[in-house]
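Analysis of the macromolecular model
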Amino acid sequence: MAFNSREFVESAKKQISNELIGRGILACSGGQDSTLLAVIANEAAGDRILSVFIDTGLLREGEVDDVKKTFSSFSINFRVIDASEEFVSALRGVTDPEQKRKIVGNKFIEIFERVAAEYGANTLLQGTIAPDWIESGGKIRDVIKSHHNVGGLPEKMKLKLLEPLRDLYKDEIREVSKFLNIPRITQPFPGPGLSVRIMGEVTRERLELLRKATKIVETAIEKWYAGSDDLPWQFFAVLLPIRTTGIHGDKRTYGYTIAIRAIDTLDAMSGTFSRLPYDLLDSISTTITNEVKEINRVVFDVTNKPPGTIEWE
Ligand code: XMP
């Protein structure tokens, strides 16, 4: 049977009404999935649900303000928690990707439990969708990456878990979002944020560099493809701790490397690298090396998924 947005929304609301006893909190990432869930949950239970957005310090420039704007426009009961100090300290000295994911995942849960206790909630609503749990070893495949919203959950979590979107794929999420007039969020962003886009240790300095490079990559690609259907599914910068020799003006430099990743896919399960035009790559590379002096080399990732995953960690 074909997927029907109206029926899906009705059944998700019914599930929330039936299973939410008392109050719940909702984990928002600012992405399409959890924003959709917040809108549906708001329709189903109103102020019995608090939507919580955690500022991890691993976010992109302007992200907190964007989230505030969207949630206010739907009159959702929400709160932003600034926990950047906690996250960045917890990641100090950590280089292993799975460790980073576990640390971020556990911190998320710890903070949500704290906020939930204050709010008197017994249930955690999460925007988990099918690819999240399938790739976390849910049923079909081996563990590829422990996505924070599945693999990072402590086994004895005190909150009851409610995941009304868990059978949906990305294209269905887009369909339902459009049906509810939720603005299209241009691209997904992982829960562990920039921590899995910095190879090696996450430091404040590296976060700052990556934030600048990310902004340049996103702005240039969005501008290039404005009004066209060819905008890649996801496009971002990755910071490599590898330093190489370069030249700036008449001075020798020894700077970091940025990799540009852009991918075309329908459901994030498999995909091909986007064929970005050389002129676009040229402009991104020149802007990054001109504006971020610690970076003196830019490379383009030409790996499909599989064998590469979309994120580098
Ligand atoms: P990969 O890198 O596994 O990514 O090919 C597939 C899609 O999932 C996003 N992603 C995540 N989303 N928590 C999330 O909510 C995570 O831990 C996580 N890791 C990857 C990724 O950006 C891509 O869209």
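Just so you know, these numbers come straight off a predicted model, no measurement behind them.

What counts, and where the lines are drawn
Residues numbered from 1 in each chain as written. Predicted model: local features only at pLDDT ≥ 70, side-chain atom pairs only at ≥ 80, totals over all residues. Heavy atoms only, no water. Pairing = 2+ DSSP bridges. Helix = DSSP H or I, 4+ residues; strand = E, 2+ residues; numbered from the N terminus. Axes fitted to C-alpha atoms, helices over the stretch in contact; angles between N-to-C directions. Parallel < 35°, antiparallel > 145°, perpendicular 65-115°, else oblique. Left-handed = near helix turned anticlockwise from the far one by under 90°. Contact = heavy atoms within 4.5 Å. Nonpolar A, V, L, I, M, F, W, Y, C, P; charged D, E, K, R; others polar. Expected span 1.5 Å × (residues − 1). Buried < 20%, exposed > 50% of the residue type's maximum accessible area, 1.4 Å probe, protein only. Arc of directions from axis to C-beta. Domains from an automatic or database assignment. Buried area = accessible area lost by both parts, 1.4 Å probe. Salt bridge = Lys/Arg side-chain N within 4 Å of Asp/Glu carboxyl O. Polar contact = N/O pair within 3.5 Å; in protein donor to acceptor, adjacent residues only side chain to side chain.

The subject of this paragraph is the pairing of strand β6 (residues 234–248). The side chains of a regular strand alternate between the sheet's two faces. Across twelve bridges, β6 lies against strand β7 (residues 251–264) in antiparallel orientation. From the neighbouring strand, Val 238 faces β7, where its bridge partner is Ala 259. Counting the residues in the hairpin turn of β6 and β7 gives two residues, including Gly 249, whose phi is positive at 65°.

Attention now moves to the packing of helix α8 (residues 204–224) against helix α9 (residues 278–291). Between α8 and α9, the shortest axis-to-axis distance is 10 Å and the interhelical angle comes to 150°. By the angle between their directions, the pair α8 and α9 is classed as roughly antiparallel. As for how α8 packs across α9, the hand of that crossing is right-handed. Seen from α8, the contacting residues are Ala 213, Ile 216, Val 217, Ala 220, Ile 221 and Trp 224; seen from α9, they are Asp 279, Leu 280, Ile 284, Thr 287, Ile 288 and Glu 291. Taken together, the residues of the contact of α8 with α9 sort by class into nine nonpolar, one polar and two charged.

With 14 residues, α9 should reach 20 Å at 1.5 Å per residue; the first-to-last C-alpha distance of 20 Å fits that figure. Considered for burial, the residues of α9 that qualify are Leu 280, Leu 281, Ile 284, Ile 288 and Thr 289. For α9, the angular spread of buried residues about the axis comes to 150°, placing them on one side. For α9, the exposed residues set more than 90 degrees away from the buried face come down to Tyr 278, Asp 279, Asn 290 and Glu 291. The secondary structure elements touched by the buried residues of α9 are α8, β6, β7 and β9 (295–300).

Attention now moves to the environment of Leu 125. One can find Leu 125 in strand β4 (residues 121–125). Filtering out sequence-adjacent residues up to four positions away, Leu 125 remains in contact with Ile 16, Gly 24, Ile 25, Leu 26, Ala 27, Leu 37, Ala 41, Ile 49 and Leu 162.

In this section: the domain arrangement of the protein chain. Split by domain assignment, the protein chain resolves into domain 1 (5–179) and domain 2 (197–300). Using only C-alpha atoms to locate each centre, domain 1 and domain 2 end up separated by 28 Å. When the two sides are added together, the surface that domain 1 and domain 2 hide from each other amounts to roughly 1500 Å², 56% of it contributed by carbon and sulfur. Summed over the shared surface of domain 1 and domain 2, the number is two salt bridges. In this structure, the salt-bridge partner of Glu 218 is Arg 60, at a minimum N-O distance of 2.8 Å. If you look at where domain 1 meets domain 2, you find seven residue pairs in polar contact (both at pLDDT 80 or more). Tallied by class, residues from the side of domain 1 that touches domain 2 come to six nonpolar, three polar and ten charged.

The next point concerns the sheet that holds β4. With parallel pairing, five strands are arranged side by side in an open sheet as β3-β2-β1-β4-β5. Edge positions in the open sheet fall to β3 (78–82) and β5 (160–162), since each of these has one partner strand only. On average, adjacent strands in this sheet sit at an angle of 30° to one another, irrespective of strand direction. The sheet contact formed by strand β2 (residues 49–55) and β3 spans five bridges and is parallel. Within β3, the residue paired with Ser 51 across the bridge is Phe 78. Packed onto the sheet, helix α2 (residues 32–45) meets β1 (23–28), β2 and β4 and runs at close to 160° relative to β1. Seen against the sheet, helix α3 (residues 63–73) touches β1, β2 and β3 and runs at an angle of roughly 165° to β3.

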